[in-house]
Amino acid sequence: MSVVINVLFNGKSYLMSDGRTRYAATHEIKSENQPKIVMISDEIAVGYTGTLEFAELMLKNYLILKNKNDISSFDRKFNLLNEIAKFLYSDRAYCISFLMSGMAEDGKMKTYTSGSSVNFQVQKLVCGQAIQLIEIGSDAIDFKAYMNAFLPTAHGSAESKIMQTMQRYIKAVADHDDTVNTNITRIILPNQGRTNESR
């Protein structure tokens, strides 16, 4: 299983993932540097864990249908992605968890999650005064407990503390779960671009 984590705080969305992917049939390593967070517009990113082939097919179909339809709201974009995932999952050959994070039309930073493990039920989080913590994928270490324990010990600005603690979390998960590595993809929204780093 992969890991994708997300922190909503102070009008921003911080996303990170590991980079290891495996072939669904053989479980052999396919890539050590697969971006599991992709920008689907200037303001919205999608992160996924589970079967890579399923995620790629889901995103390909989303981009085709999005271009054929007028889908302007954040909710409608996520609902389309979720409906595509449900449709593709009907043969039960894959597993998938995914999130969509970004700036909604009301000016609020949001993250919605769904996936096969929750029967495609949607969890909606909106950035407010309190920090919001979201994890999909590996359950080797409790993300919320880890962030609450180690975030106060990080140094620097709030953004720097969040990023340091998220990065340390992925490294800790990789120590306990051999399906996760430390080749980290990071995205900060509003869009400050994606960075990849190997550690």
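In case you missed it, the structure is sitting above this.
What you are looking at is a predicted structure, and each value in this text was computed from that prediction instead of being measured.

J.: Tell me about the overall build of the protein chain, and name the residues and values.
T.: On a plain count of helices and strands, the protein chain comes out with four helices and twelve strands. For the protein chain, the C-alpha radius of gyration of 16 Å lies close to 16 Å, the compact-globule estimate for 199 residues. In terms of its C-alpha atoms, the protein chain occupies a principal-axis envelope of roughly 45 × 45 × 25 Å. Relative to its 199 residues, the protein chain shows a buried fraction of 49%. In the protein chain, of all internal contacts separated by at least 6 residues, the share reaching a separation of at least 24 is 57%.

J.: Before we move on, can you summarise the environment of leucine 80 with the specific residues and values?
T.: With respect to the helices, strands and loops of the structure, leucine 80 is situated in helix 2 (residues 74–88). Distance in space between the C-alpha atoms of leucine 80 and leucine 65 is 8.3 Å, their sequence separation being 15 residues. Leucine 80 has contacts with Tyr62, Leu65, Lys66 and Ile71, leaving out every residue within four places of it along the chain.

J.: Describe unusual backbone geometry, and please don't skip the residues or the numbers.
T.: Glycine aside, residues mostly have negative phi, and peptide bonds are mostly found in the trans state. Residue proline 190 is reached from leucine 189 by a cis peptide bond, and omega for that bond is 0°. The backbone phi angle of asparagine 119 is positive, close to 55°, even though this residue is not glycine. Looking at the secondary structure, you find asparagine 119 in the loop between strand 8 (109–115) and strand 9 (123–126). Judged by its relative accessible area of 56%, asparagine 119 falls in the exposed class. Although it is not a glycine, phenylalanine 120 adopts a positive phi angle of roughly 60°. Within the secondary structure layout, phenylalanine 120 lies in the loop between strand 8 and strand 9.

J.: I'd like to hear about the nonpolar core, residue by residue, with values.
T.: Counting 25 residues, the largest nonpolar core has Met58, Leu81, Phe98 and Met100 as its most contacted members. Elements represented by at least two residues in this core include exactly strand 6 (44–50), helix 1 (52–68), helix 2 and strand 7 (96–103). Broken down by element, the residue count for this core peaks at seven residues, all from helix 2.

J.: How would you explain the packing of aromatic side chains if you had to name every residue and give the values?
T.: What the rule picks out here adds up to seven aromatic pairs. With a centroid separation of 5.4 Å and 65° between ring planes, the pair formed by tyrosine 89 and phenylalanine 120 is classed as edge-to-face. Remark: phenylalanine 120 occurs in the loop between strand 8 and strand 9 and tyrosine 89 occurs in the loop between helix 2 and strand 7; sequence separation between them is 31 residues. Across the pair, exposure class does not vary: tyrosine 89 and phenylalanine 120 are buried alike. Taking 5.3 Å as the distance between ring centres and 65° as the angle between the ring planes, the aromatic pair formed by tyrosine 146 and tyrosine 169 counts as edge-to-face. Note that tyrosine 146 is positioned in helix 3 (residues 143–150) and tyrosine 169 in helix 4 (residues 158–176), a separation of 23 residues in sequence. Its relative accessible area of 12% is what places tyrosine 146 among the buried residues. Tyrosine 169 sits in the buried class, given a relative accessible area of 0%. Each residue in the set Phe74, Phe78, Phe98 and Tyr112 is aromatic and connected to the rest through ring pairs, giving one cluster.

About the criteria used
Residues numbered from 1 in each chain as written. Predicted model: local features only at pLDDT ≥ 70, side-chain atom pairs only at ≥ 80, totals over all residues. Heavy atoms only, no water. Helix = DSSP H or I, 4+ residues; strand = E, 2+ residues; numbered from the N terminus. Rg over C-alpha atoms; globule rule 2.2 N^0.38 Å. Buried < 20%, exposed > 50% of the residue type's maximum accessible area, 1.4 Å probe, protein only. Contact = heavy atoms within 4.5 Å. Core = buried A, V, L, I, M, F, W, Y, C linked by side-chain atoms within 4.5 Å. Phe/Tyr/Trp six-rings, centres within 6.5 Å; stacked < 30°, edge-to-face > 60°.

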